[in-house]
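A structural walkthrough
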Amino acid sequence: MTCVLHISDPHFGTEQPLVMLSLLRLAHEHQPEITLLTGDITQRARRTQFAAARAFVQQFPAPVIAVPGNHDIPLFKLLARTFNPYGNYKQAFGSNLEPEYESNGLLVIGLNTSRPSRHKDGAVSGAQIDRVSRRLRESRPEQLRMIMQHHPVRAREESDMSNLLIGREMAVPTWVDAGLDLLIGGHIHLPYVWPLHGHHGKSGRKGWTAQAGTALSTRVRGDTPNSVNLVMHEYSLGLHECRVERWDYCAQQDTFLPAHTNTLILSCEHRDSPIAEMT
Ligand SMILES: [Fe+2]
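These notes cover the structure that comes with them. (Residues numbered from 1 in each chain as written. Predicted model: local features only at pLDDT ≥ 70, side-chain atom pairs only at ≥ 80, totals over all residues.)

**Observations regarding the overall build of the chain**
Helix and strand counts for the chain stand at 7 helices and 12 strands. In terms of overall dimensions, the chain has a C-alpha envelope of 50 × 45 × 35 Å along the principal axes. Every one of the 279 residues in the chain was classed for burial, and the buried ones make up 46%. (Helix = DSSP H or I, 4+ residues; strand = E, 2+ residues; numbered from the N terminus. Buried ≥ 20, exposed ≤ 12 C-beta atoms within 10 Å, placed from the backbone.)

**So, unusual backbone geometry**
We note that His187 has phi near 80 degrees; this positive angle belongs to a residue other than glycine. As for its position among the elements, His187 is in the loop between strand E7 (182-185) and strand E8 (192-197). Accessibility expressed as a C-beta count within 10 Å gives 29 for His187, which makes it buried. Even without glycine at this site, Leu237 takes up a positive phi of about 50 degrees. Within the secondary structure, Leu237 is located in the loop between strand E10 (227-236) and strand E11 (239-250).

**So, helix H6 (residues 168-178)**
Along H6, 8 of the 11 residues are buried, which leaves the element largely enclosed by surrounding structure. Within H6 the residues assigned to the buried category are Arg168, Ala171, Val172, Pro173, Trp175, Val176, Asp177 and Ala178. Looking one or two residues past H6, Gly179 carries a phi angle of roughly 125 degrees, positive in sign.

**Looking at the environment of Gly204**
Examined against the element boundaries, Gly204 turns out to sit in the loop between E8 and strand E9 (206-211). On the basis of neighbour counts, which here come to 13 C-beta atoms within 10 Å, the residue Gly204 falls in the partly exposed class. Separated by 28 residues in the primary sequence, Gly204 and Val176 place their C-alpha atoms 9.2 Å from one another.

**What to know about the nonpolar core**
The biggest cluster of nonpolar side chains holds 60 residues, and the ones touching the most others in it are Met146, Ile147, Met148, Trp175, Leu182, Ile184 and Val228. In terms of residues, this core owes the most to one element, H6, which gives 5 residues. Those residues in contact with Leu182 that sit more than four places away from it in its chain are Leu144, Met146, Gly207, Trp208, Ala210, Val231 and Leu264. (Core = buried A, V, L, I, M, F, W, Y, C linked by C-beta atoms within 7 Å. Contact = placed C-beta atoms within 7 Å.)

**Notes on the packing of helix H5 (residues 126-137) against H6**
H6 packs onto H5 with a crossing angle of 15 degrees between their chain directions and a minimal axis gap of 9 Å. Taken as axis vectors, H5 and H6 run roughly parallel relative to one another. Here the hand of the crossing between H5 and H6 comes out right-handed. Along the contact surface, H5 presents Ile129, Val132, Ser133, Leu136 and Arg137, while H6 presents Met170, Ala171, Thr174, Trp175 and Ala178. Residue composition of the contact of H5 with H6, by class: 7 nonpolar, 2 polar and 1 charged. (Axes fitted to C-alpha atoms, helices over the stretch in contact; angles between N-to-C directions. Parallel < 35°, antiparallel > 145°, perpendicular 65-115°, else oblique. Left-handed = near helix turned anticlockwise from the far one by under 90°. Nonpolar A, V, L, I, M, F, W, Y, C, P; charged D, E, K, R; others polar.)

**Overview of the sheet that holds E11**
Strands sit in the order E3-E2-E1-E10-E11-E12 across an open sheet of 6 strands; the sheet is mixed. Both outer strands of the open sheet, strand E3 (64-67) and strand E12 (255-264), are each paired with one neighbouring strand and no more. Averaged over all pairs of adjacent strands, the angle between their axes in this sheet comes to 25 degrees, without regard to strand direction. Pairing of strand E1 (residues 2-7) with E10, which is carried by 5 bridges, proceeds in the antiparallel orientation. Residue Thr2 lies in a different strand from E10, and its bridge partner there is His233. (Pairing = 2+ DSSP bridges.)

**Some points on the environment of Glu29**
By the secondary structure assignment, Glu29 is in helix H1 (residues 17-30). When the 9 C-beta atoms within 10 Å are taken as the criterion, Glu29 is described as exposed. Along the sequence, Glu29 and Pro61 sit 32 residues apart, while their C-alpha atoms lie 9.5 Å from each other.

**Thoughts on the environment of Leu18**
Inspection of the secondary structure assignment puts Leu18 in helix H1. A tally of 12 C-beta atoms within 10 Å means that Leu18 is categorised as exposed. Taking the C-alpha atoms as reference, Leu18 lies 39 Å from Ser125; in sequence the two are 107 residues apart.

**What about H1?**
Quick reminder: α-helices carry 3.6 residues per turn. Residues three or four places apart thus point the same way. Here H1 is 14 residues long and its end C-alpha atoms lie 20 Å apart, about the 20 Å a rise of 1.5 Å per residue gives. For H1, every residue scored as buried is listed here: Val19, Ser22, Leu23 and Ala27. Taken around the axis of H1, the buried residues stretch over an arc of 140 degrees, which confines them to a single face. The outward face of H1, more than 90 degrees from its buried face, is lined by the exposed residues Pro17, Leu18 and Glu29. Looking at the buried side of H1, the elements it contacts are E1, strand E2 (34-38), E10, E11 and E12. After H1 finishes, the residue Gln31 shows a positive phi value of roughly 50 degrees. (Expected span 1.5 Å × (residues − 1). Arc of directions from axis to C-beta.)

Structure representation (structure tokens):
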């Protein structure tokens, strides 16, 4: 069974050392194939904060790939925000803001939804929608097809509607029809799993989105503790088995504990057929 660790919004600068140690223990116990970090790596996009984040992820047992969040762009340093918004990010996490990972059982497509021209809102462009759709269609039937980005595409709370990704109305159903199984994100520090649908009646496919809470930061939302997700996936005899396990940090026991499991029914229909695309 493939194990993927999804962490988000550590906000280095507000990280908690005990939670960091617990998360490292969790990662070493579960030995994920890869760890996916969906943005807001830092609190203020400072070089020292990125360096601390870099040093932390280097202790993980598996590769870590990341996409930026709105907090990873300088907020007050206007010159940097205008002319080199990802300078410190790139120094620590590499120049590719939209990394990909592919193995026999997994395809992960990174998407940069942060926008230096906006304050905290995220957006997706037509070119990004096309690129991701193309990659999804190129995937193999046995792969779990994931998109990782910072901004959420579905809200559980009414108050989060204003935080949703700009452009999601076109992007999400297009990607579901192209083969998306699971889109992961963060931003609002509230973990949940929600279904996604394709364009009405087009492919009949269904996908999912899984949000992670803040992994390490003191900036928890209300009484929602720090949390991460473990995505477990297996493909056998033409069938996908997939579940998202949420693990919450328990301060009393100083460890991450399993809190909730969502079993995802994945669509067997793989992607648009060329005929369906033409009609
Ligand atoms: Fe955040």
